[in-house]
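For reference, the chains in residue letters:
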Amino acid sequence: MKKVVTVKKKALAANEEHAATLRTGFVSSGTLVLNLISSPGSGKTTLLEATIGELGKQVRTAVIEGDVETERDADRIRALGVPAHQILTGGACHLDARMISDALADTQLMPTDILFIENVGNLICPTGYDLGEDLKIAVLSTTEGDDKPFKYPAIFSRAEVTVVTKIDLLPHLDFDLEAVREHLATLNPSGRVFVTSSQTMEGIKDWCSFITDQLNHKRQNLSSTSTD
Ligand SMILES: Nc1nc2c(ncn2[C@@H]2O[C@H](COP(=O)(O)OP(=O)(O)OP(=O)(O)O)[C@@H](O)[C@H]2O)c(=O)[nH]1
Ligand SMILES: [Mg+2]
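Criteria and thresholds
Residues numbered from 1 in each chain as written. Chains lettered and ligands numbered in written order. Predicted model: local features only at pLDDT ≥ 70, side-chain atom pairs only at ≥ 80, totals over all residues. Helix = DSSP H or I, 4+ residues; strand = E, 2+ residues; numbered from the N terminus. Rg over C-alpha atoms; globule rule 2.2 N^0.38 Å. Buried ≥ 20, exposed ≤ 12 C-beta atoms within 10 Å, placed from the backbone. Contact = placed C-beta atoms within 7 Å. Core = buried A, V, L, I, M, F, W, Y, C linked by C-beta atoms within 7 Å. Near = placed C-beta within 6 Å. Nonpolar A, V, L, I, M, F, W, Y, C, P; charged D, E, K, R; others polar. Pairing = 2+ DSSP bridges.

### Some remarks on the overall build of the protein chain
Reasoning step 1: For the protein chain, the count of helices and strands is eight helices and seven strands.
Reasoning step 2: Relative to its length of 228 residues, the protein chain is compact, with a C-alpha radius of gyration of 17 Å against a globular reference of 17 Å.
Reasoning step 3: If you line up the protein chain on its principal axes, its C-alpha atoms span 50 × 45 × 40 Å.
Reasoning step 4: Considering the protein chain as a whole, with its 228 residues, one finds that 39% of them fall into the buried category.
Reasoning step 5: A separation threshold of at least 6 residues defines the contact pool for the protein chain, and within that pool the share at least 24 residues apart is 76%.

Below, the structure is given as structure tokens:
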């Protein structure tokens, strides 16, 4: 047991080092990096499709997709004319920083203003792995039930933002949105919550304004530190 814990700690330490190098690179390129984490099918790729459509052509976007099998998600993004790189983990339940550096060797991705990383659908494994991102984004679908933040607290306490998806389905579900907001506030008092539907586009404008504000903020910090 002690050996397993030691190996895991070493893997995480190596990942931290790799993630720090990635983060430095993303600071110099002024790229905003968002790491989307959720259970399978909560609507991550559909949210990315809606987000990319709403952001339009004024910002450059690129996507790294993480899945166990198939290029399906990357193909969905490419269909929008946006560069996408598919990582196939072959069974691993999360992405790590080394996989992201390898993906960045795909010359189509960079330079970009915003890099979205869609992590492997899973609420447990991806939480501990830093990918050099600016923000971890937890995605919670109304169809999963309103008890998930309390049942899987690690991701909801760590993510700076939670996006609630499929709000158009609320009339058909027993999902208490106000209770979810309260649970999330307990787990992460400074966390932001966006409530969206990629079908009706409810909440997508607010979510995209937040993203562009974050990008501008990162760029301003970059220019103020370079003139210091
Ligand atoms: N009604 C409704 N359905 C949605 C919405 N967003 C996604 N869906 C549906 O939910 C299903 C899963 O969506 P995906 O975007 O593929 O989910 P995902 O999280 O990327 O899935 P994995 O990559 O497999 O983890 C699809 O059938 C979508 O059409 C939404 O806002 N409203
Ligand atoms: Mg997907």
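### As for the nonpolar core
Reasoning step 1: In this structure, Ile-100, Ile-117 and Ile-137 are the most contacted members of the largest nonpolar core, which totals 51 residues.
Reasoning step 2: Aside from chain neighbours lying at most four places away, what touches Ile-117 is Val-33, Leu-34, Asn-35, Leu-36, Ile-64, Leu-95, Ile-100, Leu-131 and Glu-133.

### Quick look at the site of ligand 1
Reasoning step 1: The environment of ligand 1 is made up of 17 residues, and the closest members are Gly-43, Lys-44, Thr-45, Thr-46 and Gly-121.
Reasoning step 2: Here the shell around ligand 1 gets three residues from one element, more than from any other, and that element is helix α2 (residues 44-55).
Reasoning step 3: Taken together, the residues of the shell around ligand 1 break down into two nonpolar, eleven polar and four charged.

### A short note on the pairing of strand β3 (residues 84-88)
Reasoning step 1: Burial analysis of β3 places four of its five residues in the buried class, which makes it a mostly covered element.
Reasoning step 2: Sheet topology places strand β2 (residues 61-67) next to β3; five bridges connect them, and they run parallel. Bridged to Ile-64 within β3 is His-85.

### Notes on the pairing of strand β4 (residues 114-118)
Reasoning step 1: Across the five residues of β4, five count as buried, placing the element largely inside the fold.
Reasoning step 2: Every second residue of β4 is oriented toward a common face, with Ile-114, Phe-116 and Glu-118 on one face and Leu-115 and Ile-117 on the other, all of them buried.
Reasoning step 3: In this sheet, β4 lies alongside strand β1 (residues 32-37) in parallel orientation, the contact comprising five bridges. Note that in β4 the partner of Leu-36 across the bridge is Glu-118.
Reasoning step 4: With five bridges connecting them, β2 and β4 associate as parallel partners. Opposite Val-63, over in β4, you have Phe-116 as the bridge partner.

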